[in-house]
Protein chains: 2
Amino acid sequence: MGIDLNEFQALDLWHRAIVSSVQIDAPDLSARQMALLLSVYLNPPPHTVRGLSQFLKVSKPAITRAINRLSEFGMVRRKIDDNDRRSVLIQRTVKGSVFLREFGELIVNAGNQENQADPSSLPPKY
Amino acid sequence: MGIDLNEFQALDLWHRAIVSSVQIDAPDLSARQMALLLSVYLNPPPHTVRGLSQFLKVSKPAITRAINRLSEFGMVRRKIDDNDRRSVLIQRTVKGSVFLREFGELIVNAGNQENQADPSSLPPKY
DNA sequence: TAAAATCGAAACGTATGCGAAATAATATGA
DNA sequence: TCATATTATTTCGCATACGTTTCGATTTTA
């Protein structure tokens, strides 16, 4: 019970969505940052630096930096774990929810476009 | 004749695919870089700096830098336009095709996963 | 042919990101 | 207690990216 896509449909969907995101000047997140953000929102809490580091197979300092960046955008928030004050819990925010909801709409809209089977039949975009 | 997705399915698909990409240590491209790469491969040629700049609504120097980066990865190639030697044509490469084909597989596989309607019912990943 | 326009790249100062190693704070265990 | 382990962050030197401006090459226009 998944989403049946062939390879061209998959890339075409990704293309339309990410182009829309760039065109509207959304924050230019790297793949790592986007993976982290989505993990915080779609995987069940709690989220810690070490946990995200292991899940994404990325070093802990890299996770810390990605959280710094996303925090500046207000998309996640740090909260010290009262049960283990060495740990930091990464939490969701309203701004992050709004951003991801809008990003999801972009993908949905990208999927709603008429899809050509043959990319060379697409009209020039410029 | 599109791809019917609801918002959660869309974000979940994006999440699974981009997490896979990060986990296998694929090049950590920014949204801009990925949008440029996909545009070169999925929009019909010819591709020029100014054309891509207008299409993506991003400054020309930013396009130049993204092409530099993707060129270092061997994913695109520059070719001077013989009809107007001021212009540079951005062309596809074998390495870029391979990368996007593999990335497409990642998305297809992400779509093939069993999808839960309720994200809180997902098992912990770590 | 000379002047203006166009194109992509380079230069500039600043901001962000990297991995590796070191550090501070906290918890655990002998 | 007090040495050890764990957790997240900071620091280091270096690489990459930003927008603005400038530049050199080329084409178009007057």
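Definitions and limits used
Residues numbered from 1 in each chain as written. Chains lettered and ligands numbered in written order. Predicted model: local features only at pLDDT ≥ 70, side-chain atom pairs only at ≥ 80, totals over all residues. Heavy atoms only, no water. Near = heavy atom within 4 Å. Polar contact = N/O pair within 3.5 Å; in protein donor to acceptor, adjacent residues only side chain to side chain. Helix = DSSP H or I, 4+ residues; strand = E, 2+ residues; numbered from the N terminus. Salt bridge = Lys/Arg side-chain N within 4 Å of Asp/Glu carboxyl O. Buried < 20%, exposed > 50% of the residue type's maximum accessible area, 1.4 Å probe, protein only. Phe/Tyr/Trp six-rings, centres within 6.5 Å; stacked < 30°, edge-to-face > 60°. Expected span 1.5 Å × (residues − 1). Contact = heavy atoms within 4.5 Å. Least-squares fit on C-alpha atoms with pLDDT ≥ 70 in both. Buried area = accessible area lost by both parts, 1.4 Å probe. Nonpolar A, V, L, I, M, F, W, Y, C, P; charged D, E, K, R; others polar. Axes fitted to C-alpha atoms, helices over the stretch in contact; angles between N-to-C directions. Parallel < 35°, antiparallel > 145°, perpendicular 65-115°, else oblique.

### A word on the protein's contact with DNA strand C
- Residues in close proximity to DNA strand C total 20 residues, the closest being Arg-32, Gln-33 and Arg-69 of chain A together with Thr-64 and Arg-78 of chain B.
- Near the protein, within 4 Å, the atoms of DNA strand C are sugar or phosphate in 77% of cases.
- Within the side chain of Arg-86 of chain A, one N or O atom sits 3.5 Å away from a sugar or linking oxygen of DNA strand C.
- Looking at the surface near DNA strand C, the elements with two or more residues in it are helix 2 (31-42) and helix 4 (60-72) of chain A together with helix 3 (49-56) and helix 4 (60-72) of chain B.
- Element by element, the count of residues in the surface near DNA strand C is highest for helix 4 of chain A, at four residues.

### Some points on the pattern of salt bridges
Residues and elements named next belong to chain A.
- Inspection of every chain in the model, using the stated rule, returns twelve salt bridges over all chains.
- In this structure, Arg-16 and Asp-12 form a salt bridge, with 2.8 Å as the shortest nitrogen-oxygen distance. You can see Arg-16 and its partner Asp-12 sitting in helix 1 (residues 7-23), four residues apart, about one turn around the helix. The same class applies to Arg-16 as to Asp-12, namely buried.
- Note that Asp-84 is salt-bridged to Arg-86, the shortest N-O span being 2.9 Å.

### A word on the protein's contact with DNA strand D
- In the vicinity of DNA strand D, 20 residues are found, and the nearest of them are Arg-50, Thr-64 and Arg-78 of chain A together with Gln-33 and Arg-69 of chain B.
- Take Arg-78 of chain A: an N or O atom from its side chain is 2.7 Å from a phosphate oxygen of DNA strand D.
- Between a phosphate oxygen of DNA strand D and a side-chain N or O atom of Gln-33 of chain B, the distance comes to 2.4 Å.
- Of all the secondary structure elements, the ones that give two or more residues to the surface near DNA strand D are helix 3 (49-56) and helix 4 of chain A together with helix 2 (31-42) and helix 4 of chain B.
- The leading source of residues in the surface near DNA strand D is helix 4 of chain B, at four residues.

### A short note on the packing of aromatic side chains
- Summed over the entire model, instances satisfying the criterion amount to five aromatic pairs over all chains.
- Residues Trp-14 of chain A and Phe-103 of chain B carry aromatic rings whose centres are separated by 5.0 Å and whose planes lie at 85° to one another, so their mutual orientation is edge-to-face. With Trp-14 of chain A in helix 1 and Phe-103 of chain B in helix 5 (residues 94-112), this residue pair bridges two chains.
- The buried category is assigned to Phe-103 of chain B, whose relative accessible area is 6%.
- Consider the rings of Phe-99 of chain B and Phe-103 of chain B, whose centres lie 6.1 Å apart with planes at 25°: the pair is stacked.

### Let's talk about helix 2 of chain A
- End to end, helix 2 of chain A covers 16 Å across twelve residues, agreeing with the expected 16 Å (1.5 Å per residue, within 8%).
- The buried fraction of helix 2 of chain A is high, at eleven of twelve residues.
- On its buried face, helix 2 of chain A sits against helix 3, helix 4, strand 1 (76-80), strand 2 (88-92) and helix 5 (94-112) of chain A together with helix 1 (7-23) of chain B.

### Overview of the relation of the copies chain A and chain B
- Expressed as a screw transformation, the operator carrying chain A onto chain B has a rotation angle of 180° and an axial translation of 0.0 Å, and the superposed copies differ by an RMSD of 0.0 Å. The transformation relating the two chain copies, once decomposed into turn and shift, fits a two-fold axis. By C-alpha distance to the rotation axis, the residue of chain A lying nearest is Ser-30 of chain A, at 2.0 Å.

### What about the interface of chain A and chain B?
- With 59 residues of chain A at the contact, the number on the chain B side is 59 residues.
- For the pair chain A and chain B, the two sides together bury roughly 5,600 Å², of which 68% comes from carbon and sulfur.
- The interface formed by chain A and chain B contains two salt bridges.
- Across the contact surface, chain A and chain B share 14 residue pairs in polar contact (both at pLDDT 80 or more).
- Put simply, the parts of the chain that give the side of chain A that touches chain B at least two residues each are helix 1, helix 2, helix 3 and helix 5 of chain A.
- At 14 residues, the largest contribution of residues to the side of chain A that touches chain B is made by helix 1 of chain A.
- Here the side of chain A that touches chain B is built from residues that sort into 33 nonpolar, 15 polar and eleven charged.

### Details of the packing of helix 2 of chain A against helix 4 of chain A
Residues and elements named next belong to chain A.
- Axis separation between helix 2 and helix 4 bottoms out at 10 Å; the angle between their running directions is 80°. The orientation of helix 2 relative to helix 4 falls into the category roughly perpendicular. Across the interface between the two elements, Arg-32, Gln-33, Leu-36 and Leu-37 from helix 2 touch Ala-62, Ile-63, Ala-66, Ile-67, Arg-69 and Leu-70 from helix 4.
- Residue composition of the contact of helix 2 with helix 4, by class: seven nonpolar, one polar and two charged.

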